[in-house]
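Notes for the structure review
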Amino acid sequence: MSYKMGRVELHLRDAIKERGAGHLTLIDPDSQSPQEAGGMALAASQGGTDAIMVGGSMGATGSLLHDTVAEIKRVTDLPVILFPASAAGLCENADAVFFMSLLNSRSPSYLIENQVLGAPLVLRYRLEALPMAYIIIEPGGTVGYVGDARLIPREKPELALAYALAGKYLGMRLVYLEAGSGADSPVPASIVAQVKRLLGDALVIVGGGIRSGRAAAELVAAGADLIVTGTAVEKSQDVASFIFELTSSIRR
Ligand code: 1GP
């Protein structure tokens, strides 16, 4: 039995089919006020981003999470996809959730326990669940530490490939290759290329340390379907122009 695609996944797949690749803007509720988050989301939508991801390794929970999502929904029509660090990263006013397992974690907590705690909430909140393999590659940053990941060495694409394939055989239609927020350099293009070649129609999401249109374009040329940027958006003085630089360099 496979789990059916919903509206948000179809929206992402349509964007990729039409334009070759998509862009996701990551907003961490812990980094600014809900009003500022709304301003970033509005500017990101003007720059052509395809959806807003909301989450963070620490502190992205409770009323701060809820109010951040509410403010983003108030100012844009873009889908809001939760990117939770645990079951506490769920809230009922988002559209969807990356329902993910951190496949190279040592901890049952990130492999399955939070998913078990979160699943009844996903159902109750009527969130669309996007089944995703989450794989952390060196350096991994905060999420690598918090998620107790056995980081994949950058020069070992075959290890990333084995994890991605395991995710595919488990029924996950998305795979997220993560270098860690603020990483010095993104996931190597050679890893992205090998994973995409083997995974075919699974969506390959790449994030961590992507700071320019050029870096994003290189990853898309290698096979990335969706590019995630968080830190560089937070630091940008002109979010709409920066997102436009990213989206125009990854699109056909
Ligand atoms: C983190 O991959 C995301 O989970 C985004 O990373 O903050 O480096 O853009 P950045």
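Notes on the structure in this doc start here. (Residues numbered from 1 in each chain as written. Predicted model: local features only at pLDDT ≥ 70, side-chain atom pairs only at ≥ 80, totals over all residues. Heavy atoms only, no water.)

With respect to the pairing of strand E4 (residues 96-102)
In terms of burial, E4 is a largely internal element, six of the seven residues being buried. Where strand E3 (residues 80-82) meets E4, two bridges bridge the pair, whose relative direction is parallel. Looking at E4, one finds that Leu82 is bridged to Val97. As paired elements, E4 and strand E5 (residues 128-136) share seven bridges and run parallel to each other. (Buried < 20%, exposed > 50% of the residue type's maximum accessible area, 1.4 Å probe, protein only. Helix = DSSP H or I, 4+ residues; strand = E, 2+ residues; numbered from the N terminus. Pairing = 2+ DSSP bridges.)

Description of the pattern of salt bridges
When their charged atoms lie close together, side chains carrying opposite charge are able to pair. What the rule picks out here adds up to 10 salt bridges. Put simply, Asp225 and Lys196 hold a salt bridge, and the shortest N to O gap is 2.8 Å. Pair noted here: Asp225 is in the loop between helix H8 (213-222) and strand E8 (226-229) and Lys196 is in helix H7 (residues 189-199), with a separation of 29 residues, a long-range link. Residue classification places Lys196 among the buried positions, given a relative accessible area of 18%. Taken together, the shared-partner salt bridges in this structure form one network comprising Glu18, Arg19, Asp50 and Arg251. (Salt bridge = Lys/Arg side-chain N within 4 Å of Asp/Glu carboxyl O.)

Focus: the pairing of strand E2 (residues 51-54)
Alternating residues of E2 divide into Ala51 and Met53 and Ile52 and Val54, and every residue in both groups is buried. Relative to E2, strand E1 (residues 22-27) runs parallel, the two being bridged by four bridges. Its bridge partner being in E2, Ile27 is matched across the sheet by Val54. Crossover E1 to E2 through helix H2 (residues 34-46) is right-handed. (Right-handed = clockwise from strand over helix to strand, strands pointing away.)

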